[in-house]
There are 2 protein chains.
Amino acid sequence: MNVIYADNNATTCVAPEVVAAMQPFFGECYFNPSSMYAAAKGAAKAIATARQQVATALGATDVQEITFTSCATESNNHAIFGALRMLAMISPERREVITTMVEHPAVLEVCRQLERDGYTVHWIDVDSDGNLDTRAFVRALSPGRTALVSIMHANNETGVLFPIEQLSRLTKETDPTILFHTDATQSVGKQWINLSENLAYVDLLSFSGHKIHAPKGIGALYMRRGTPCRPFLIGGHQESGRRAGTENVPYIVGLGAAVELAVRTLGADESRVAQLRAQFEAELLRRIPAIQINGYQATRLPGTTNVSCWSIEGESMLMELNTHGICASSGSACTSGSLEPSHVLRAMKVPLGAIGGSIRFSFSRYTTQNDIDRILDIFPQIVSNLRVSSPFWNAAEQKPTVE
Amino acid sequence: MNVIYADNNATTCVAPEVVAAMQPFFGECYFNPSSMYAAAKGAAKAIATARQQVATALGATDVQEITFTSCATESNNHAIFGALRMLAMISPERREVITTMVEHPAVLEVCRQLERDGYTVHWIDVDSDGNLDTRAFVRALSPGRTALVSIMHANNETGVLFPIEQLSRLTKETDPTILFHTDATQSVGKQWINLSENLAYVDLLSFSGHKIHAPKGIGALYMRRGTPCRPFLIGGHQESGRRAGTENVPYIVGLGAAVELAVRTLGADESRVAQLRAQFEAELLRRIPAIQINGYQATRLPGTTNVSCWSIEGESMLMELNTHGICASSGSACTSGSLEPSHVLRAMKVPLGAIGGSIRFSFSRYTTQNDIDRILDIFPQIVSNLRVSSPFWNAAEQKPTVE
């Protein structure tokens, strides 16, 4: 059975160009880039090229602002713990952190740890469209007391974009010493990001390779020159002392290639994906009664659709889709196995009768019209079938029995 | 020019079997192992197989004792910081750590940070053969006060093996609550390690893949069941909550294959490598005046030769070897770029006139008789040539001008 992959916010296939770029570094150029002999210079040079590719793609002015890590989770841990440990030395009076209710667990859990460590964390809420309560954000900013803001760029579950440009500017206008971090794992390569232009007020930016067709196991952290941030992995001179550990040369090369490719094709890819998504959502709304598309009114990533179907269970839909070879997701892969309803959809006040029947489809530049058509052929029927046996569905009137 | 690679303690080539094992996970099986659909089960199953391979190879009784990390540096940071952060909650009176003067920077630097954090660190010395001062170790053990011991298994620069079996038993006999960690990065796959037999008193063991023909960017941490140790990377359910971050499926598969391969062929490979090394060292001693092989009298890894040549500079030897395509190293790749003489050789009291002329050759199962012969053809001549222009060399008497 052909797989139809609509779970690109969980992970992506590795681009053939990326696989090809990595191969020499599993083969003849396996050397340690720190070694002095000529043979190893190829490895060191490949890392330098990749660092330049990432810096250029993100509009960083200095290649040393890019540190390669093993994943976005490491980048987030590094950025938040690293910055706060350094600030604890130089500005110990700053003990407040601002984040949102809808962050990825890699920021959520770090912030919960900060609370246990004695920090005050302000959790900013969202409205029913998934938009951030900007007024609450401004009220939480406290000159001289706020140490760090950590707010994601695009939400992994809904694709809703937060106005990082505006939030980071407001932060620096309030107090230029407050550090601004953004988890841009879902937006790098899918949104225009320039750290010298639209994101010029961002100090720290995390992302990973495996959302943009590099392998799982590589990420990066942008740290603006001068940002106080202690290394997280210590014990070696690598990455100019910013991150210890022998460099993962093949994946670093792969990340450089993947970022360059994504940014180069961003305009064309994303408008094509946006068109597919618009058609997909219009058809879902037309063919399936009693559904809502979460974040529909908000500015979103072009490739993410998060839909809540009243009166049925997301897991049942996924299982049925699976029998047709369709890969989708209910919530984040990083919280899978949990029976809790999505913290993102709860924050958006999705009604109880709908939140359980939530499912995320996420597309990429490899998604085809045929993929969309095939999901549209199958998915409405699955919803309809599941509702037949649901005690919460009124089949005669085609509406939920309980609002 | 053919490369003769004698720097396997820095990194190793990726075994063809390992490259082959990884390929499907860059290709058709790129899925997120946390995903629910059938297509992703292959990724989850591949991780389970790799975990079993590693557990079996190390004699771990429970696969959950194996956590995959991004490198040995992460494993060391995780083990030491993770254990001490947990102990700080449950046994806050334990504020002492014991380590050695000759650890890899990934343990050295972590222990220096512990000192800054208020821990008392006992730095155990070695003798001129590189053997640990076991009496000083025993004196440093303090029931009720020692939190953690971290002592490497095999030294990366000299190959000298520490008696981890005996040291861990002594530790537990003194106080079973003291945690025993070993950095086994250089010994896994090269020495017999069984965590239920010879290393049954070890609680935490770190290693990486790239010393045993897996790629750079993957490691593992063994944590004995019940060992108090807080996660280091937080923010996801992966690795049963022990290490957050989307799993690097290809490299995890590669690590499983590499460990299995290394352990299966350990006896034959290591005795062949030991024979090559014995011949190599005998010839060096015969052909080159005024040299010493560091750790010569100690029990060592079979594939490591660390030689100090009086009156010349290690960097000059490396450059000359490089012109002949021979890859070797002066000290650890993780401290390259530093002009400091090796902390390991300093601890071994290698005389000043010899320490600068130190070089490490390290072999692997891919090293051939021809490689050894070729180095022996070239290296003695290089030493001889460099000494001609050294003011510290008495050419007439073939000895240093200064002792």
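In what follows, the structure referred to is the one given above.
All figures in this text were calculated on a predicted structure; none of them were measured in a lab.

This next bit is on the relation of the copies chain A and chain B. In the superposition of chain A on chain B (RMSD 0.0 Å, axial shift 0.0 Å), the rotation amounts to 180°. Such a combination of turn and shift is consistent with a two-fold rotation axis. In terms of proximity to the rotation axis, the leading residue of chain A is Ser70(A), whose C-alpha is 3.1 Å off the axis. Looking at chain A, 100% of its interface residues are interface residues in chain B too, so the copies touch through the same face.

Where strands meet in a sheet, backbone hydrogen bonds hold them as pairs that are either parallel or antiparallel. All names here are of chain A. Ordered in space as 9-10-12, the three strands form an open sheet in which the pairing is antiparallel. Each of the sheet's edge strands pairs with one partner strand only, and the pair in question is strand 9 (291-293) and strand 12 (358-362). Going from strand to strand, the sheet's axes swing by 20° on average, the running direction of each strand aside. The sheet contact formed by strand 9 and strand 10 (residues 304-309) spans three bridges and is antiparallel.

Now for the packing of aromatic side chains. Applying the stated criterion to the full structure yields 23 aromatic pairs over all chains. Between Phe26(A) and Tyr251(B) the ring centres are 6.0 Å apart and the planes differ by 80°, which places this aromatic pair in the edge-to-face class. Of this pair, Phe26(A) sits in the loop between helix 1 (16-22) and helix 2 (38-58) while Tyr251(B) sits in helix 7 (residues 249-264), which puts the two residues in different chains. Judged by relative accessible area, which is 2%, Phe26(A) ranks as buried. Taking relative accessible area as the criterion, Tyr251(B) reaches 0% and is therefore assigned buried. When the ring centre of Tyr119(B) is taken as reference, the NZ or CZ atom of Arg95(B) above it lies at 4.0 Å.

Under the criterion given, the structure shown has zero disulfides over all chains. For the unlinked cysteine Cys229(B), the closest cysteine sulfur is that of Cys111(B), found at 14 Å. We note that Cys327(B) lacks a disulfide partner, and the nearest cysteine sulfur, in Cys29(A), lies 10 Å from it.

Right, let's get into the interface of chain A and chain B. Contacts between the two partners involve 65 residues from chain A and, on the opposite side, 65 residues from chain B. Carbon and sulfur atoms supply 62% of the area that chain A and chain B bury against each other, a total of about 5000 Å² over both sides. Broken down residue by residue, the surface that chain A buries against chain B is led by Phe26(A), Tyr30(A) and Tyr37(A), which jointly contribute 14%. Here chain A and chain B share zero salt bridges between them. If you look at where chain A meets chain B, you find 19 residue pairs in polar contact (both at pLDDT 80 or more). Elements with a contribution of two residues or more to the side of chain A that touches chain B: helix 1, helix 2, helix 3 (72-90), helix 4 (105-116), helix 7 (249-264) and helix 9 (314-323) of chain A. For the side of chain A that touches chain B, the residue count by class is 33 nonpolar, 23 polar and nine charged.

Parameters at a glance
- Counting restarts for each chain: residues are numbered from 1 in the order of the written sequence.
- To label them, take the chains in the order written and letter them from A, then take the ligands in the order written and number them from 1.
- Whole-chain, interface and lining totals are the exception, using all residues; otherwise, since this is a predicted model, local features are given only for residues with pLDDT of at least 70 and side-chain atom pairs are given and counted only at 80 or more.
- Each side-chain value is worked out from all heavy atoms of the structure, with water and hydrogens disregarded.
- Least squares is used to superpose the copies, and the fit set is the C-alpha atoms of residues whose pLDDT is at least 70 in both copies.
- Any two residues whose heavy atoms approach within 4.5 Å at even a single point are treated as in contact.
- Think of it this way: DSSP has to see at least two bridges between two strands before they count as a pair.
- Secondary structure counts use DSSP, requiring at least four H or I residues in a row for a helix and at least two E residues in a row for a strand, with both numbered from the N terminus.
- Axes here mean lines fitted to C-alpha atoms, for a helix over just the part in contact, with angles spanning 0 to 180 degrees between N-to-C directions.
- Pairing of aromatic side chains here covers Phe, Tyr and the six-membered ring of Trp, requires ring centres within 6.5 Å, and sorts the geometry by plane angle: under 30 degrees stacked, over 60 edge-to-face, intermediate tilted.
- Buried residues are those whose accessible area, probed at 1.4 Å on protein chains only, stays under 20% of the maximum for their type, while exposed residues exceed 50% and partly exposed ones sit between those limits.
- Should the NZ of a Lys or the CZ of an Arg lie within 6 Å of a ring centre and within 35 degrees of the ring normal, that charge is described as sitting over the ring.
- Criterion for a disulfide: a pair of cysteine sulfur atoms at a distance within 2.5 Å.
- We define buried area as the total accessible area lost by two parts upon association, computed with a 1.4 Å probe and summed across both.
- We count a salt bridge whenever a side-chain nitrogen from Lys or Arg sits within 4 Å of a carboxyl oxygen from Asp or Glu.
- Pairs of N or O atoms are called polar contacts if they sit within 3.5 Å, as long as, within protein, a hydrogen donor faces a hydrogen acceptor (for residues adjacent in sequence, only side-chain-to-side-chain pairs).
- Polarity classes work like this: nonpolar for Ala, Val, Leu, Ile, Met, Phe, Trp, Tyr, Cys and Pro, charged for Asp, Glu, Lys and Arg, and polar for all others, with Gly in that last group.

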